[in-house]
Structure formats: structure tokens, C-alpha cells
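Structure assessment
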Amino acid sequence: MIPENTGPAAVIVLAAGAGTRMKSRTPKILHEIGGRSMVGHALLAARSINPRRLAIVVRHERDLVARHLEDVDPAAVIVDQDDIPGTGRAVEVALQALDADQHLTGTVVVTYGDVPLLSGELLAELVATHEREANAVTVLTAVLDDATGYGRILRGEDGTVTGIREHKDSSEAERLIREVNSGIYAFDAAVLRDALAHVTTDNSQGEKYLTDVLSLARESGGRVAAVVTADRWQVEGANDRVQLSALGAELNRRTVEAWMRAGVTVVDPATTWIDSSVTLDEDVRILPNTQLHGATTVARDAVVGPDTTLTDVTIGEGATVTRTHGSGAVIGARAAVGPFTYLRPGTVLGETGKIGAFYETKNVTIGRGSKLSHLGYAGDAEIGEDTNIGCGNITANYDGEKKHRTVIGSGVRTGSNTVFVAPVTVGDGAYSGAGAVIRKDVPAGALVLTVAAQRNTEGWVAANRPGTRSAELAQAATKDSSSTPASTEEGNQP
């Protein structure tokens, strides 16, 4: 028994083309916009209408595409197109594969793997119209200002679709038609199955055309109708990198606009890029030249940017991230990062903490209120709460073969240019002097110094760098010093 709230019987996604105009070793449908492959976008739209079955037809770089599909939609049925070319044949082999278990009845939607802006809402409208009007075929069409190169939709007096005329075959009058075929359809499964059995390859291209199903359906007394969209972007495909870039820019424009309408401030939409998978809360503020990718999430009142690129980063409420490049990091509430900071995977910054200017972090946990303010590196480390790591501090975590861990307690204060040679532990409340090289564990509350006595070798520059500017200045300074009489206690008496 099929639940009443299920969608169409099936969606078939056609993705077998080589996409030669992309001029790429990557299959066309695997090229990304908005942080997701084109076929990923297509499958997301298809799944959103809740089909009982979903099949995708592949051929070019079949194994590479199949591996990607296993990650994107492992439940999809992968169907291999055979040597018979054409969209009609691609749909036919998919239908045969889906029929192998049980003959489909109801609505079958056909769409494409390279139409990334197609929405589930538009597909749902196509299906609803098809089923409400009891059509044999319903075609999704678009109205374009310039329809050059597209197949024109021919309509009868009753508004039904009487045919699709390719541009090259159109008369002068037909070329004035602005309504074009998107190639996306809803079919009655029985009509589709029967018509495909009668479609031949007897044409100039030697292909089995899916469009032939429309005329065969009409000849059998079926009704062929259309759903028109004024939003051409939803039916635009990407055949080369110019079109891919245009689709990516339009998708980003829509994504940024949607977030602004949801309560996010985007200061400069033209220089802000947000992946489809990013999540933002109300009152987030995004400054110019910011890119948010992957599973990045930003909580309320946080400020990100300018000049910041983050991938898979979680940002807490009220945090600020300025001029930072980061991935796989977690930034706590009211924490501050940047400017000119590099957050590598595994970085976890606690609430009200700070990672400041010219700092790199990796696989490090930094406790609440702790600060790594400037000019340093922390890797493979654990730092407690309310600790202040001085300027120029680094964790020397790699011995040439293995990584080792540094543990620094809470309330620690370290002097400038301290080096922690891992593995090493510094206890709570400890201090280090400037230039300390810590090779052994430091007890809680201890002061660690590694100080050598300072030695001045006078006259070294004159002896070793004669004729240099330094030597000249040193010689002049020495003369000035020797010509100044030494003051005596007696000479200062009145």
C-alpha cells in the first residue's frame, strides 16, 4: 500500500553526457557551484518532491560519477546508458531498470544533472499540474527574451501543446515564439513506456529523441500541456565554464538575498559568497570579501570579515572573525580571531578566547578566556582557561618523524618567544621568562627560565666588518664617547 503523501512514482535524472565543451577531466555534472556539484543540486531538487523511486542515467566517466553519487544520494538507482544515443533511449533504459521490480504506475518526472538551479517547488508545481489535468505529458517551459537556439513550443487554440519545433527547423513566424522547451517533463508512466517502444532513431542524428513521445502521446489521444516559468535560471544548463560561472553567480545572488531577508546583514553582497550548505542565525553581520563554505555555521550577533574565507567552521554567538582563513575549526561565543590568522582543522577556541594577528593553529584546544594574541604557532596542544600565551610563542610539536603534544594549564603566563618542545606539560599558574625554551615539564606555579649570561665582545664589528656602514657608525660613536669627559662627584659641586 503506497502512502497518500508520497510524490510521483519516479524521477529520472539524465546525466550521461560527456560535456566536452567544459574542456575538463572532471565530468560536467561533477563541477560545483554553491559548494555542491551540479548533479548534487539536481538530486536535492528531485528528492524534495518525495519520489517513490529515483534513477540516474550515467555513461561518461561512469565509475567516477558513481562514486560521487554514493556520497550524494546512495539510495539512487544508477542506470548505465547503452550504445544507442539519445535522451529517449536514456529514459527508456532507466524505465526498464525501475520496472524490473514492479511496473511503475503514475507520474514519472524526467530532469537533468546539469540544471542546478531547478527548485523542488517548480518540480512540485509541474507534477501537481500534470496530475490535476490528467495529462499524458506535461512539459516545463520558459519564456525567454532571446529564444535563439531553443526548441519552440507550439500550441493549439485550446492552449495545449501541439509540438516542439527545433530552432533550425522553425519558420520565420515560429522563431518569434519566446516560449521554449526546457527538456523537463512529467509523463504518465504507461504512456511513456508505450511511446518509447515506438520511438526510432530514424533521423539525421541517429538518436532516439524524447521529444517524439509528445507527438505519439497526442496521436494516441492523450493531452499534452505545459507549465510555464518566467524564471529562466531554473531551466538553464551549464555546457561550458562561462555558463557554469553565470549559474554560480546567480545561485550565490539568490542565496545571499535569502539570508538578508532572513535577518542577516551582508554589507557588500557583490563580494560575499555563501555556499548552499551554510547556516546563519539572525543578526549575523557579514563584512565585504567574505566566503563561507561547506558546513559553516554562524550564531547570532557574530561578525565575520572582512577578507575572510571559512570552510566547515562553527562560530559562536557574538564572536568576531577578522581577515582569517580557516577550516574545520570551532570558535566559541564572544571569542575573537584575527586579523591575519590561519585556523587549521582541529582548532577549538573557547568562549571569550582570542587568537590574534599572524597566528597559525592546528589540532589545538584553547580554554575559556585564554589568549594567543600575536605572532605564533600552536599545534597538537591543549591550553587551559585564562592563560596568556606571549608574543612569538610556538609549540615545537614535530621531531621530524612524529607529532607530539603540548599541555599548558590554566592561568599560565608565558614570556615572549617561549618555545614549548613537545612532549611537555606546563602546570597551572606557571610563568615563563622571555626566550625560554621549555624541554621539561614545569610544575604548577613555577617560573621557568633558560637564561645564558650576556657577553659583549667590544670592537668585534671593527675587527670583523671593516669598511662597513656599521663599522663607520660604531667608530664614530666610540670617538664621541671617548671625547666626553667623565663627570666626577667633585666636578658637580658648586
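Okay, so let's go over this structure. What you see is a predicted model; the values in this text were computed from it and never measured.

Details of a nonpolar patch on the surface
- Taken together, the side chains of Y431, L447, L449 and V451 define a hydrophobic patch exposed on the protein surface, amounting to about 450 Å² of accessible area.
- Among the structural elements, Y431 can be located in strand β35 (residues 431–432).
- By relative accessible area, Y431 is classed as partly exposed at 47%.

Description of the side chain of H130
- Tracing the chain through its elements places H130 in helix α4 (residues 120–132).
- For H130, a relative accessible area of 3% corresponds to the buried category.
- One polar contact links the side chain of H130 to the main-chain carbonyl oxygen of A186, over a distance of 3.4 Å.
- Setting aside its immediate chain neighbours within four residues, H130 contacts T107, N135, A136, V137, T138, A186, F187 and D188.

A word on the pairing of strand β22 (residues 324–327)
- Burial along β22 is one-sided: T324 and G326 are buried, and none of H325 and S327, which face the opposite way, are.
- Note: strand β19 (residues 308–311) against β22, three bridges, orientation parallel. Looking at the pairing, T311 lines up with S327 of β22.
- With three bridges joining them, β22 and strand β25 (residues 341–343) adopt parallel strand pairing. Residue T324 lies in a different strand from β25, and its bridge partner there is T341.

With respect to the pattern of salt bridges
- Throughout the structure, instances matching the rule amount to 28 salt bridges.
- Put simply, R223 and E133 hold a salt bridge, and the shortest N to O gap is 2.9 Å. Of the two residues, R223 is situated in the loop between α6 (212–219) and β11 (224–229) and E133 in the loop between α4 and β7 (137–143); the sequence distance between them amounts to 90 residues.
- Given a relative accessible area of 32%, E133 falls into the partly exposed group.
- Residues joined by salt bridges that share partners form a network here, namely D231, E250, R253, R254, E257 and R261.

Considering the environment of D71
- Position of D71 relative to the elements: it lies in helix α2 (residues 62–72).
- Note: C-alpha distance between D71 and G40 (31 residues apart in sequence) is 9.7 Å.

Examining the packing of helix α5 (residues 189–196) against α6
- Between α5 and α6, whose axes approach to 9 Å, the crossing angle comes to 110°. Comparing their axes, α6 and α5 come out roughly perpendicular. Of α6, the residues touching α5 (which contributes V191, L192, A195 and L196) are V213, L216 and A217.

Some points on the nonpolar core
- Ranked by size, the top nonpolar core spans 69 residues in total, and within it I12, V57, V137, L192, L210 and V213 carry the most contacts.
- Residues within four places of I12 in sequence aside, it is in contact with A55, V57, V91, A94, L95, L98, V108, V109, V110 and T111.
- Counting 43 residues, the second-largest nonpolar core is a separate cluster that includes W259, I286, I315 and A319.

Basis of the calculations
Residues numbered from 1 in each chain as written. Predicted model: local features only at pLDDT ≥ 70, side-chain atom pairs only at ≥ 80, totals over all residues. Heavy atoms only, no water. Patch = residues over 30% accessible without salt bridge, like charges linked within 9 Å, V, L, I, M, F, W, Y side chains within 5 Å. Areas by Shrake-Rupley, 256 points an atom, 1.4 Å probe, with all protein chains shown as cover. Salt bridge = Lys/Arg side-chain N within 4 Å of Asp/Glu carboxyl O. Helix = DSSP H or I, 4+ residues; strand = E, 2+ residues; numbered from the N terminus. Buried < 20%, exposed > 50% of the residue type's maximum accessible area, 1.4 Å probe, protein only. Polar contact = N/O pair within 3.5 Å; in protein donor to acceptor, adjacent residues only side chain to side chain. Contact = heavy atoms within 4.5 Å. Pairing = 2+ DSSP bridges. Axes fitted to C-alpha atoms, helices over the stretch in contact; angles between N-to-C directions. Parallel < 35°, antiparallel > 145°, perpendicular 65-115°, else oblique. Core = buried A, V, L, I, M, F, W, Y, C linked by side-chain atoms within 4.5 Å.

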